[in-house]
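Below are the chains, spelled out letter by letter.
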Amino acid sequence: IGKYVTVVEMAERIIPLQLNDEASNEYKALFEAHGCKFKLGIGVKDTEVDENGKIISLILADDTKLECDMVIVAAGERAAIEGLADTGIEVERFVKVDDHMRTNVKDVFAAGNVTGLSGTWPNAKKQAHVAAINMTGGDEVYEDTYALKNTMNFYVLATLSLGMGKV
């Protein structure tokens, strides 16, 4: 539709969770062949806006300025774990759980996106089911070890990703 596109990615490659280096490079080459540019291994530090509040440029972490007339943010998600400070519940970027959906704190369970196991609704429902059974004295194990799955097909390069690639 007449737009010049630059993808800014904090990781060293595109689609880093689903693709290894080789597959990522294949997609990158296809996108570049269609005019897309990439800034990899760098984040966005700031934006500049005009007098109407419209973003006119991005300032990257190395102070590079990218002029733009549109910004699309696809930054994933972060678990809302701020309220868990001082509770003793073990967190990193997500709430840590075992295969019964238990946290490290007795009688505290977690399921869904907050666990970082999967961002999909069907997986969150499975986790909640396992947690509910175990909260009521059951002994159910969450076994969907392929929670990170993705299919994509850009420029006729069909891909199925199962599991997590090397990050």
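The following paragraphs examine the structure supplied in this document. (Residues numbered from 1 in each chain as written. Predicted model: local features only at pLDDT ≥ 70, side-chain atom pairs only at ≥ 80, totals over all residues. Heavy atoms only, no water.)

**Regarding the sheet that holds strand 5 (residues 65–67)**
Alright, step 1. In space, the 3 strands of this open sheet follow the order 3-4-5, with antiparallel pairing throughout. Each of the sheet's edge strands pairs with one partner strand only, and the pair in question is strand 3 (44–49) and strand 5. In this sheet, neighbouring strand axes are inclined to one another by 25° on average, regardless of whether the strands run parallel or antiparallel.
Alright, step 2. Pairing of strand 3 with strand 4 (residues 55–60), which is carried by 5 bridges, proceeds in the antiparallel orientation. (Pairing = 2+ DSSP bridges. Helix = DSSP H or I, 4+ residues; strand = E, 2+ residues; numbered from the N terminus. Axes fitted to C-alpha atoms, helices over the stretch in contact; angles between N-to-C directions.)

**Section: helix 2 (residues 121–135)**
Alright, step 1. The terminal C-alpha atoms of helix 2, which comprises 15 residues, lie 21 Å apart, in line with the 21 Å expected from a rise of 1.5 Å per residue.
Alright, step 2. Among the residues making up helix 2, those that are buried are Asn123, Ala124, Gln127, Val130, Ala131 and Asn134. The buried residues of helix 2 occupy an angular sector of 125° when projected down its axis, which confines them to one face.
Alright, step 3. Following helix 2 by one or two positions, Gly137 has its phi on the positive side, about 95°. (Expected span 1.5 Å × (residues − 1). Buried < 20%, exposed > 50% of the residue type's maximum accessible area, 1.4 Å probe, protein only. Arc of directions from axis to C-beta.)

**A closer look at the environment of Thr64**
Alright, step 1. Mapped onto the fold, Thr64 is located in the loop between strand 4 and strand 5.
Alright, step 2. For Thr64, a relative accessible area of 27% puts it in the partly exposed group.
Alright, step 3. Sequence spacing of Thr64 and Lys45 is 19 residues, and the spatial spacing of their C-alpha atoms is 9.6 Å.
Alright, step 4. Thr64 has contacts with Leu58 and Ile59, leaving out every residue within four places of it along the chain. (Contact = heavy atoms within 4.5 Å.)

**A few points about the environment of Lys28**
Alright, step 1. In this structure, Lys28 sits in helix 1 (residues 21–33).
Alright, step 2. Residues Lys28 and Ile15 lie 13 residues apart in sequence; the distance between their C-alpha atoms is 9.5 Å.
Alright, step 3. Discounting residues that sit within four places of it in the chain, Lys28 has contacts with Ile14, Phe38 and Leu40.

**Considerations on the side chain of Thr115**
Alright, step 1. Here Thr115 shows up in the loop between strand 5 and helix 2.
Alright, step 2. Reaching out from Thr115, the side chain makes a polar contact with the backbone oxygen of Gly112 at a distance of 2.7 Å.
Alright, step 3. Within the structure, Thr115 has its side chain in polar contact with the side chain of Gln127 (distance 3.4 Å). (Polar contact = N/O pair within 3.5 Å; in protein donor to acceptor, adjacent residues only side chain to side chain.)

**Re a negative patch on the surface**
Alright, step 1. Taken together, the side chains of Asp99, Asp139, Glu140 and Glu143 define an acidic patch exposed on the protein surface.
Alright, step 2. Looking at the secondary structure, you find Asp99 in the loop between strand 5 and helix 2.
Alright, step 3. By relative accessible area, Asp99 is classed as partly exposed at 39%. (Patch = residues over 30% accessible without salt bridge, like charges linked within 9 Å, V, L, I, M, F, W, Y side chains within 5 Å. Areas by Shrake-Rupley, 256 points an atom, 1.4 Å probe, with all protein chains shown as cover. Salt bridge = Lys/Arg side-chain N within 4 Å of Asp/Glu carboxyl O. Lys, Arg positive; Asp, Glu negative; His and termini not counted. Charge placed at Lys NZ, Arg CZ, Asp CG, Glu CD.)

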